[in-house]
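Letter by letter, the chains look like this.
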Protein chains: 2
Amino acid sequence: MQLGTIKSMQRTSFARMHCSLARGLDLIGDWWSPLIVRDLFLGVVRFDDLIEDLGISRNLLTRRLKALIGSGIIKRQVYQRRPIRYEYRLTEAGRDLVPAILALTAWGDRWARPKEGSPMLFVHTTCGHYFQAQVTCSACGEVIGRDTVKTIGGPGGAMKLGTIVLARRLRAAT
Amino acid sequence: MQLGTIKSMQRTSFARMHCSLARGLDLIGDWWSPLIVRDLFLGVVRFDDLIEDLGISRNLLTRRLKALIGSGIIKRQVYQRRPIRYEYRLTEAGRDLVPAILALTAWGDRWARPKEGSPMLFVHTTCGHYFQAQVTCSACGEVIGRDTVKTIGGPGGAMKLGTIVLARRLRAAT
């Protein structure tokens, strides 16, 4: 399944790029979005709680929530009728984004963590242990290490913006 | 090891946030940066090739490269002396970021790929198979699935911007 519309944003849109990373980033929107997705994942799901947790302005949060709904990453849900109040939930695409965000968080823990130590620890409830998210190969399960990845032009690998030079080189190599 | 200075950017800086994800995102800089890191990883390492591949303006690329050097994610290297010419290489922190970017790319491949199919395929040279990056638990090696992650306040988990509400809830739960 693919998310419907790729919205163009005020900044340069990556939606036209022939690159799943660029198009994915375009759907996600901006740096606030991974933090919002993280908060929703962790149960901070109401507007005022998001404001307080992230210190984001009301205007900016409103815009970001709207964009994430438009991208199909989050949805809103009524939790109170009078007056009507919404909370925000991850869609399937949004929940699917969480592991990649955990991988980015693990990178942040290694290279940018506050001097007091990691702000948050993660427990994998399946095995019961503390863990860091690691990125592994879907074929053999090994951790993806330095210099163990080769790229090959895929079916959508046109020489278009986002992969012009790459696609040319990949084509030359085959 | 931790990266040195966290630069404040023109947009809201996340560097003050008590959250490894926010601080990591701040180091990375903006959406162009994952694409630049990807290109360097894939061997597109010269200024003009990056311009052509990404369709980014010269000014913006210059600024982004400078910021990534400042963050300690990339470094420049002389490849020609007369006239002097540089190419750009990932540092250890930069190479360490690649797996997380591959995890984001895999998400993009699932939810935002061009209709022609994935632009790029990845081969894990260790096992020789095509693969998608998946995010797994460092303790048991299983894929991180929906609803299998619990968070606990860590040593750096102050109730400060970025984790105010989360830290309070985590504290209440222990």
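That block above? That's the structure.
Given the structure is predicted, the values throughout are model-derived calculations rather than measurements.

*Asks:* So what exactly am I meant to see when it comes to unusual backbone geometry here?
*Replies:* With glycine set apart, most residues show a phi of negative sign, and most peptide bonds adopt trans. Looking along the chain, the bond that leaves R82(A) and enters P83(A) is cis, with omega of -10°. Mapped onto the fold, P83(A) is located in the loop between β1 (74-80) and β2 (85-90).

*Asks:* Sorry if this is basic, but what is going on with the environment of I84(B) here?
*Replies:* Turning to its location among the elements, I84(B) is positioned in the loop between β1 (74-80) and β2 (85-90). Judged by its relative accessible area of 41%, I84(B) is partly exposed.

*Asks:* How should I be thinking about the nonpolar core in this particular structure?
*Replies:* Across soluble globular proteins, you tend to see nonpolar side chains buried next to one another. One finds L35(A), I73(A), L35(B) and I73(B) to be the most contacted residues of the largest nonpolar core, which totals 100 residues. With sequence-adjacent residues up to four places away left out, L35(A) is seen in contact with L54(A), F14(B), M17(B), C19(B), L21(B), A22(B) and L25(B).

*Asks:* It is not clear to me how the environment of P99(A) should be interpreted in this structure. Could you clarify?
*Replies:* By the element assignment, P99(A) lies in helix α5 (residues 92-111). The sequence separation of P99(A) and F122(A) amounts to 23 residues, and the corresponding C-alpha distance is 12 Å. Other than its neighbours up to four places away in sequence, P99(A) contacts V135(B) and I144(B).

*Asks:* Would you explain the relation of the copies chain B and chain A in this entry?
*Replies:* What connects the two chain copies is a rotation about an axis and a shift along it. Least-squares fitting of chain B to chain A yields an RMSD of 0.0 Å, with the transformation described by 0.0 Å of translation along the axis and a rotation of 180°. The superposition operator between the copies reduces to a two-fold rotation axis. For chain B, the residue whose C-alpha comes nearest the rotation axis is V135(B), separated from it by 2.3 Å. Mapped onto chain A, 100% of the interface residues of chain B again fall at the interface, so both copies present the same surface.

What counts, and at which threshold
- Residues numbered from 1 in each chain as written.
- Chains lettered and ligands numbered in written order.
- Predicted model: local features only at pLDDT ≥ 70, side-chain atom pairs only at ≥ 80, totals over all residues.
- Heavy atoms only, no water.
- Helix = DSSP H or I, 4+ residues; strand = E, 2+ residues; numbered from the N terminus.
- Buried < 20%, exposed > 50% of the residue type's maximum accessible area, 1.4 Å probe, protein only.
- Core = buried A, V, L, I, M, F, W, Y, C linked by side-chain atoms within 4.5 Å.
- Contact = heavy atoms within 4.5 Å.
- Least-squares fit on C-alpha atoms with pLDDT ≥ 70 in both.

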